[in-house]
Amino acid sequence: MTKKLWGSRFPKKTSILTNKFTSSINFDKQLAVYDILGSIAHAKMLGIQKIIPRQDAKLIVKGLNALLEDVKSGRFKFDSSAEDVHSNIQEALFKKIGPAAYKLHTARSRNDQIALDIRMYLKDQICQITELLTGLQKAILKFAKKNIDVIIPGYTHLQLAQCVLLAHHLLAYIEGLQRDKTRLLDAYERLDSMPLGSGALSGTSLPINREFVRKELGFKSITANSIDSVADRDFIIEVLSDLAIMAVHLSRIAEDLILWSTKEFNYIDIDFSFCTGSSIMPHKKNPDVLELIRGYAGRMQGNLSSVLILMKGIPFSYNRDLQLDKPPLFDAIDTTKEILGIFISLFGNIAINKETVASRIKDESLFSVDIVEYLIKKGLSYRKAHDVVGKMVKECLDKGAAISRLTDKELKRYSPKLGSDVKKIINAWDSVNLKKSYGGTNPKQVILQIQRWNQRLG
Ligand code: ARG
């Protein structure tokens, strides 16, 4: 069993229940690599500053490097009875190099150590997640380019609204994901500050060199207040918020695809390799992957809430409650990476049912705004034009007639400004071509946006 870092002050052994209840090794072992890297920088600094003998510092660094290899290769055996990752690594170091190991924790507390570990972990994870996000954006962009000739009905209130290019709709996803990425990178900037050297909460009387440790570990700055350094976890809350927002985006994209894959819509076909079946209904092909992505979004909100609520009543500075920030954080990070990974592959496995989609964009109600704007261009007020088209749409719907089949005389009955040339714009391609305003669905504009994303995503 791993020795306690604080055992000598205690006249008796802690209860097995206490050991089990307070232990965090089963989850904070995920931080082992960062814990060791932080310790290597710390040990080097202790040696250079002559706080511990240089020979000891060298021995510690050598031992830690060996442990790092063990952890990275999966050889390292974590001790499930250890209190936490910090005790476990220190004890393993003792076994490797002997008593010099016990000089490592000089001028350090687990309070600043854990704050360092999580920040290093998050810097790493943010890089991985933003890379995956770029991967997903690229997969969506590829899908958009492949189907650049597809027009779909756009929806508001989930009712037919206006025609848009499928690529335009997909680029909307890419925009949102880009904001998710930059939000995470903003959080990165703020958490890129090195807390080691804060001690338990007040700093240390030993002549440490925090700037050296900062440089060794590649942080942008050092934290300026030792109490803040050990007490706050706002950077975790910030990352969890960013991930929760991203999860909402991913959930909504999943929801679109789920709807589009229904028999009722039938716009897309998701490859069998990304669907599941039913144990009772042999005909089923279910979009479970997408449903789980939607479902996980709820858990991501829960993880954020969990840490927000955890933090709200904690007095300054460090309290053991803070240990419980890690399970929701790790869950959110792991879940995000898993979702992004499968979503990237899934996007390469969707086929558009072009015929069905083409049949749906024949619905003339999709062009009502185009006719309104036609009339505005002929001098009618917006109000008047809306009334004219409203009446025309209503009567056509009531009689089951098509606007494009109305005679010139019938058209003129609604407004003398309605010429037969209006019929030329009652089709999907003219409809999208007309939307030339910046950010609109005009194909030339959409292609420019695709080129812009091509460059941006590299
Ligand atoms: N497992 C603890 C955490 O996650 C590490 C710090 C423990 N510090 C202490 N003074 N007990 O926050």
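Residues numbered from 1 in each chain as written. Predicted model: local features only at pLDDT ≥ 70, side-chain atom pairs only at ≥ 80, totals over all residues. Heavy atoms only, no water.

Around the ligand, the neighbouring residues are Ser 24, His 86, Arg 110, Asn 111, Ile 114, Tyr 318, Arg 320, Gln 323 and Lys 326. At 2.7 Å from a nitrogen atom of the ligand is found a side-chain nitrogen or oxygen belonging to Gln 323. For the ligand, an oxygen atom lies 2.7 Å from a polar atom in the side chain of Lys 326. Take the shell around the ligand: its biggest share by element is three residues, from helix 6 (residues 110-146). Here the shell around the ligand is built from residues that sort into two nonpolar, four polar and three charged. (Near = heavy atom within 4 Å. Polar contact = N/O pair within 3.5 Å; in protein donor to acceptor, adjacent residues only side chain to side chain. Helix = DSSP H or I, 4+ residues; strand = E, 2+ residues; numbered from the N terminus. Nonpolar A, V, L, I, M, F, W, Y, C, P; charged D, E, K, R; others polar.)

This part covers the pattern of salt bridges. If the charged atoms of two oppositely charged side chains come close together, the side chains can form a pair. Applying the stated rule across the entire model yields 24 salt bridges. Note that Glu 83 is salt-bridged to Arg 320, the shortest N-O span being 3.3 Å. Here Glu 83, found in the loop between helix 4 (54-73) and helix 5 (85-97), pairs with Arg 320, found in the loop between helix 11 (288-312) and helix 12 (326-347); they are 237 residues apart in sequence, far enough to count as distant. Among the residues examined, Glu 83 registers a relative accessible area of 8% and is labelled buried. Among the charged side chains, a salt-bridge network with shared partners connects Glu 83, Asp 84, Arg 110 and Arg 320. (Salt bridge = Lys/Arg side-chain N within 4 Å of Asp/Glu carboxyl O. Buried < 20%, exposed > 50% of the residue type's maximum accessible area, 1.4 Å probe, protein only.)

On to the packing of aromatic side chains, then. The relative placement of two aromatic rings is captured by the distance of their centres and the angle of their planes. For the structure shown, the criterion picks out nine aromatic pairs. Ring centres of Phe 143 and Phe 347 lie 5.8 Å apart, and the angle between their planes is 65°; on these two criteria the pair is classed as edge-to-face. Note that Phe 143 is positioned in helix 6 and Phe 347 in helix 12, a separation of 204 residues in sequence. The exposure classification of Phe 143 matches that of Phe 347, with both residues buried. Measuring from ring centre to ring centre gives 5.3 Å for Phe 265 and Tyr 267, while their planes differ by 80°; the resulting arrangement is edge-to-face. Grouping residues by exposure puts Phe 265 and Tyr 267 together as buried. Chaining the aromatic ring pairs together yields one cluster made of Tyr 155, Trp 260, Phe 265 and Tyr 267. (Phe/Tyr/Trp six-rings, centres within 6.5 Å; stacked < 30°, edge-to-face > 60°.)

For helix 3 (residues 32-48), built from 17 residues, the straight-helix expectation of 24 Å at 1.5 Å per residue is met to within 8% by its first-to-last C-alpha distance of 24 Å. With 13 of 17 residues buried, helix 3 is to be regarded as a mostly interior element. Among the residues trailing helix 3, Lys 50 stands out with phi positive, at a value near 60°. (Expected span 1.5 Å × (residues − 1).)

Nothing here speaks to function; it is all geometry.
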